[in-house]
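The lines below spell out each chain.
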Amino acid sequence: MSNTPLPSSFDGDNEFYEENRWQKFSRRLKEEPLIPLGCVLTCMALFGASRSIRAGDHNRTNRMFRARIYAQGFTLVAMIAGSVYWQTDRQKRKEFDKVVEERKAREKNEAWIRELEARDEEEKDIRRMREARRRGVSVDVVRNEDAEKEAKKMEEGKRKVLDQLAEKGAGSIVGVETEAKKKGVLESVQEMVWGGKK
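The model shown is predicted, which means the values in this text are computed figures rather than measured ones. (Residues numbered from 1 in each chain as written. Predicted model: local features only at pLDDT ≥ 70, side-chain atom pairs only at ≥ 80, totals over all residues. Heavy atoms only, no water.)

1. Observations regarding the overall build of the protein chain
- A count of helices and strands for the protein chain gives 7 helices and 0 strands.
- Ordering the α and β elements of the protein chain from the N terminus gives α-α-α-α-α-α-α.
- Of all 198 residues assigned to the protein chain, the portion counted as buried reaches 13%.
- A fraction of 56% describes how many contacts in the protein chain between residues 6 or more apart in sequence connect residues 24 or more apart.
- Carbon and sulfur atoms form 58% of the exposed surface of the protein chain, whose accessible area is close to 16400 Å². (Helix = DSSP H or I, 4+ residues; strand = E, 2+ residues; numbered from the N terminus. Buried < 20%, exposed > 50% of the residue type's maximum accessible area, 1.4 Å probe, protein only. Contact = heavy atoms within 4.5 Å. Areas by Shrake-Rupley, 256 points an atom, 1.4 Å probe, with all protein chains shown as cover.)

2. Description of the side chain of Glu32
- Along the polypeptide, Glu32 turns up in the loop between α1 (21-31) and α2 (34-55).
- The buried category is assigned to Glu32, whose relative accessible area is 11%.
- In contact with Glu32, other than residues within four places in its own chain, are Ala78, Met79, Gly82, Ser83, Trp86 and Arg90.

3. Concerning the pattern of salt bridges
- Throughout the structure, instances matching the rule amount to 8 salt bridges.
- Where Glu101 meets Lys104, a salt bridge forms, and the shortest distance between an N and an O atom there is 3.7 Å. A residue pair is termed a helical-turn pair when its members lie 3 or 4 positions apart in one helix, as Glu101 and Lys104 do in helix α4 (residues 87-135) at 3 residues.
- Using a relative accessible area of 47% as the deciding quantity, one classes Glu101 as partly exposed.
- Overall, the relative accessible area of 24% leaves Lys104 in the partly exposed class.
- One salt bridge in this structure joins Lys124 and Glu150, with 3.5 Å as the shortest N-O distance. With Lys124 in helix α4 and Glu150 in helix α5 (residues 139-168), this pair connects stretches of sequence that are 26 residues apart.
- Exposure remark for Lys124: the relative accessible area of 23% places this residue in the partly exposed category.
- For Glu150, a relative accessible area of 41% corresponds to the partly exposed category.
- One network of salt bridges, in which partners are shared, links Asp120, Lys124 and Glu150. (Salt bridge = Lys/Arg side-chain N within 4 Å of Asp/Glu carboxyl O.)

4. Quick look at the packing of α2 against helix α3 (residues 58-85)
- One can describe the packing of α2 onto α3 by two numbers: an axis separation of 8 Å at closest approach and a directional angle of 165°. One finds that α2 runs roughly antiparallel with respect to α3. As for the relative orientation of α2 and α3, their crossing is left-handed in sense.
- When its residues are assigned to classes, the contact of α2 with α3 shows 16 nonpolar, 7 polar and 2 charged. (Axes fitted to C-alpha atoms, helices over the stretch in contact; angles between N-to-C directions. Parallel < 35°, antiparallel > 145°, perpendicular 65-115°, else oblique. Left-handed = near helix turned anticlockwise from the far one by under 90°. Nonpolar A, V, L, I, M, F, W, Y, C, P; charged D, E, K, R; others polar.)

In structure tokens, the structure reads:
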């Protein structure tokens, strides 16, 4: 048994996190620089209109409001043109993000399985040590007995499959496979735990 902590699938490890918010913002800014430009022009037009209202210059106020409308129209056209231009790239990015998410989920699942296997092995070692103390023999003797039991169990499983094949005929491997697929997860786990007994 080691003192190092076991890996957990609930670590929240962001090692494979591809892009943070600032990187996404800067990438989008580089992809479509005209949209922020249109927003800045709209804000400048509104600021100019508010200053001219305070100054009482109605002519300049009307010009600034027209400029605001043009700036907003420019921003809208830039958004539509950018979305049309970058549509295929964004679709590819979505597919890439989906693949990355699937990979992260698979790796998290594999890490969890490794953790469970390590815990199971530690539990078996503890049981072996207790059994060895109880019987007054070395741990290696108990470990060898467990290995022999597992080998017998594997041999019985092989024999069971071969018997099913013999019953159904040599060409019915597909029948055995479909029968095994029909079993649910619960039945498979019960069979593993209880050794085929129900």
